[in-house]
2 protein chains.
Amino acid sequence: MKSNNMEGPRIKELKVTPIAVSDPPLLNSVGLHAPYALRTVIELITDDNVSGISEIPGNTEIDRLLEKSGELIIGADPFQLNRIRKELFNRFGSTEETDKRGDNPWDSRKLVHVYSAIEVACLDIQGKICGRPVVDLLGGMCRESVPFCAYLFYKLKGAGGPLGFGVDPDATGWDAARQAAAGNPEEIVAQARAMMKEFGFKSIKLKGGVFPPQEEVNAVIGLRKAFGPGVPLRFDPNGVWSVETAIKYGKRMEDALEYLEDPTRGQEGMAEVRRALNLPLATNMCTTSFDEIPEGVRLWSEDIILSDHHFWGGLRESISLGRICQTFRKGLSMHSNSHLGISLIAMVHMAAAIPNLTYDLDTHYPWQSDEVIVGGRVKFEEGRVAVPREPGLGITLDHEALGKLHNNYKNCNLTKRDDTSEMKKIDPDWEFKAIRW
Amino acid sequence: MKSNNMEGPRIKELKVTPIAVSDPPLLNSVGLHAPYALRTVIELITDDNVSGISEIPGNTEIDRLLEKSGELIIGADPFQLNRIRKELFNRFGSTEETDKRGDNPWDSRKLVHVYSAIEVACLDIQGKICGRPVVDLLGGMCRESVPFCAYLFYKLKGAGGPLGFGVDPDATGWDAARQAAAGNPEEIVAQARAMMKEFGFKSIKLKGGVFPPQEEVNAVIGLRKAFGPGVPLRFDPNGVWSVETAIKYGKRMEDALEYLEDPTRGQEGMAEVRRALNLPLATNMCTTSFDEIPEGVRLWSEDIILSDHHFWGGLRESISLGRICQTFRKGLSMHSNSHLGISLIAMVHMAAAIPNLTYDLDTHYPWQSDEVIVGGRVKFEEGRVAVPREPGLGITLDHEALGKLHNNYKNCNLTKRDDTSEMKKIDPDWEFKAIRW
């Protein structure tokens, strides 16, 4: 037991390592996943050589801001997160005016990513210093394992077969022909069966916004018929439907879905759809920051918010989002992008600490096959990941694997996620449309 | 660094010690402070003899529930606060239907008190195990010291002179004659000067609801004239004005006040007053729980919520309240009841961790003269209390002092706070009125 912590450890080093992770040719509303998903791995090391790690979506602009944030982080006490956040926002907040979420399904704001990266790594350090898992620093475990859902995607036919997923390395193969069997619910059901068998998931999410609405509704209905009401089912066209389209096709899924995610864009549009449907709406595109919550409450644009610690500014902020959802009788679920085990385990610690996170979480993890943590790929049992009970995040960075994935990054010439450009490589006439149908 | 905390320390003992603390004859809207304020001191002790302490308002019913909660607490991991809270509310929540806040200026709900007591003591233990001050487990310091305001009261003339305060033991003397010089702003100004000189406070709050509105408005105007706009000033009639009265007399204080606290009862009434006045309204009586926040937001019944970890269910819940206030552009300030140093220091750790707690906090501490912590009374410098940097709360229970104050409790025959009955001893015709003017 130390008697005075003004003399506690300080951060002496910040390492920012961009990596490129094999990713299968998944389709979405703005285009196509590139052959590699970019992630950035952050390591903070204290002057007494305790290290903390985190992982965020990769993007050279964010990486640069992370590197610049080193001037504020080096020398800081890893427990003084409130001070670190304030200094970050004071120093770099002027860029925030241009720091917009953007029209993509993912969030492009830089400061929330940067602070999330630093917060998670600092919490990892805190846990190691305290000898406690991160979840215990966040209020403790509401559950001992965290359930995820089977996250289905339309996908280009690749070397691994028409609808394989990334645990089979062949399934990440790249195919120049856009020939997904989208109108065919059987193939989506087959994908679900394969993924549920492998991981034990008990619920399903289908990413849509790719094919004309009725084709995707057919897939939803097909899933419902195949799995019945005992398997909660969600669908997400990523906001590319007009209000009218969302209402028309939403009605056809009222009996099938647990919730409908971002059927259209904007809080006003979502609120209009919600009034017309007997179906809870969820979002990670229309209410995506604390600043937007009051208007989202006023309009009641959604019933469920999908948190994501990379976009909401860290684990503690996401837990506060959970308290806000509980207070305003909104549901809380969790969004994901292509990610590796560091993000997965951070999600698990956070989800374990939120009493009202009662939905199975989204995760792209089954679609990736690489890993950067010692011991390799995280295991799912019955669709759940056990909350680590080791100090900190409870995982260790595999520097050899990190080096290999960093080499991928150097060789792949990608600087940010750009699904639209990837799609144009397949179909030069393809265009981004905020509202497609 | 421990490798597995499933084997971590467990709580082996819960000690609940009711105490009676000398309290001066302060007047308020529901009556008169008794000669003793009741508090309850909680000690939790782990099987490896780490102890954590906390302090809550004293009340035999709450004490009984605390004792009963021992069956859930003994054997628990002090880091598993989410689980402890859930079990408490599952076990005792059925009484919550009758667990109402009540019409008094203070909150009478039992479960929030009980959980607050356990949470603060567990956080004290956690800090000691981790070797870090509690503030560091809550996100770290937004400020190194926490500012309080001079909390003025109308007061019966006691042995210590007409308007002395509790640092002079004589000032806690008890006088059967109700002869406060309330209509006399000079005496209130003198009280403010004395308290500000002793403690260095930079802002003032006057507790009203005692005398006819114009007399109290005169005191507010007198304070404003004496101290000028550089000293923020608040006034709190504890909800005993009608909407009409609140608007009429509120208008007369628009230029004088930083905020007007609970001028009337209920969210509807507060919202009506707020629409009529050019003056921020604050509350610890109309929006007092997470359940009431949505309606408070919808009606905009107040601009500022006064947190209080004893009433909002602990430090983490109060910090979440802060995030809600920040999100909904409400201010956050902090309420107090008569208390000793354990509550004061818990308030300090929490206030230090809330970025948007930008108002000086309320505290009754200058009115008490007893203490139960080693080293005696907490020191204020320039109206501020430094955030302890020792592990846990950074204070140690003085068992001899505790024993003495527990003897006070056994001898005083008080079982709960009942300012109305106290007032009837002075003035048998006096009656509680929810709205007096």
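The preceding data block contains the structure.
Values in this document were obtained by computation on a predicted structure and should not be read as measured data.

1. A word on the state of the cysteines
All names here are of chain A. What the rule picks out here adds up to 0 disulfides over all chains. The closest cysteine sulfur to the non-disulfide-bonded cysteine 149 is located on cysteine 325, 17 Å from its own sulfur. Note on cysteine 149: relative accessible area 0%, which makes it buried.

2. Considerations on the sheet that holds strand S8 (residues 204-207) of chain B
Residue and element names in this part refer to chain B. One open sheet holds the 7 strands; their spatial order is S7-S8-S9-S10-S11-S12-S13, and the pairing between them is parallel. The open sheet has two free edges, formed respectively by strand S7 (150-153) and strand S13 (331-334), since each of these has just one partner strand. If you compare each strand with its neighbour and ignore which way they point, the axes differ by 25° on average. Against the sheet, helix H5 (residues 185-199) makes contact with S7 and S8, and its axis sits at roughly 145° relative to S7, the strand it touches most.

3. Considering the packing of helix H7 (residues 243-251) of chain A against helix H8 (residues 267-276) of chain A
Residue and element names in this part refer to chain A. H8 packs onto H7 with a crossing angle of 30° between their chain directions and a minimal axis gap of 9 Å. Overall, the two elements H7 and H8 adopt an arrangement that is roughly parallel. Helix-helix and strand crossings are classified by hand; for H7 and H8 the assignment is right-handed. In contact with Val243, Ala246, Ile247 and Lys251 of H7, H8 contributes Gly269, Glu272, Val273 and Ala276. Among the residues making up the contact of H7 with H8, the classes are represented as 5 nonpolar, 1 polar and 2 charged.

4. Description of the sheet that holds strand S11 (residues 281-283) of chain A
All names here are of chain A. Strand order across the open sheet formed by 7 strands is S7-S8-S9-S10-S11-S12-S13, with parallel pairing between neighbours. Because the sheet does not close on itself, it has two edges, and the strands there are strand S7 (150-153) and strand S13 (331-334). Strand-to-strand, the axes of this sheet are offset by a mean angle of 25°, without reference to chain direction.

Thresholds applied
Residues numbered from 1 in each chain as written. Chains lettered and ligands numbered in written order. Predicted model: local features only at pLDDT ≥ 70, side-chain atom pairs only at ≥ 80, totals over all residues. Heavy atoms only, no water. Disulfide = S-S within 2.5 Å. Buried < 20%, exposed > 50% of the residue type's maximum accessible area, 1.4 Å probe, protein only. Pairing = 2+ DSSP bridges. Helix = DSSP H or I, 4+ residues; strand = E, 2+ residues; numbered from the N terminus. Axes fitted to C-alpha atoms, helices over the stretch in contact; angles between N-to-C directions. Contact = heavy atoms within 4.5 Å. Parallel < 35°, antiparallel > 145°, perpendicular 65-115°, else oblique. Left-handed = near helix turned anticlockwise from the far one by under 90°. Nonpolar A, V, L, I, M, F, W, Y, C, P; charged D, E, K, R; others polar.

Read these as geometric descriptors, not functional statements.
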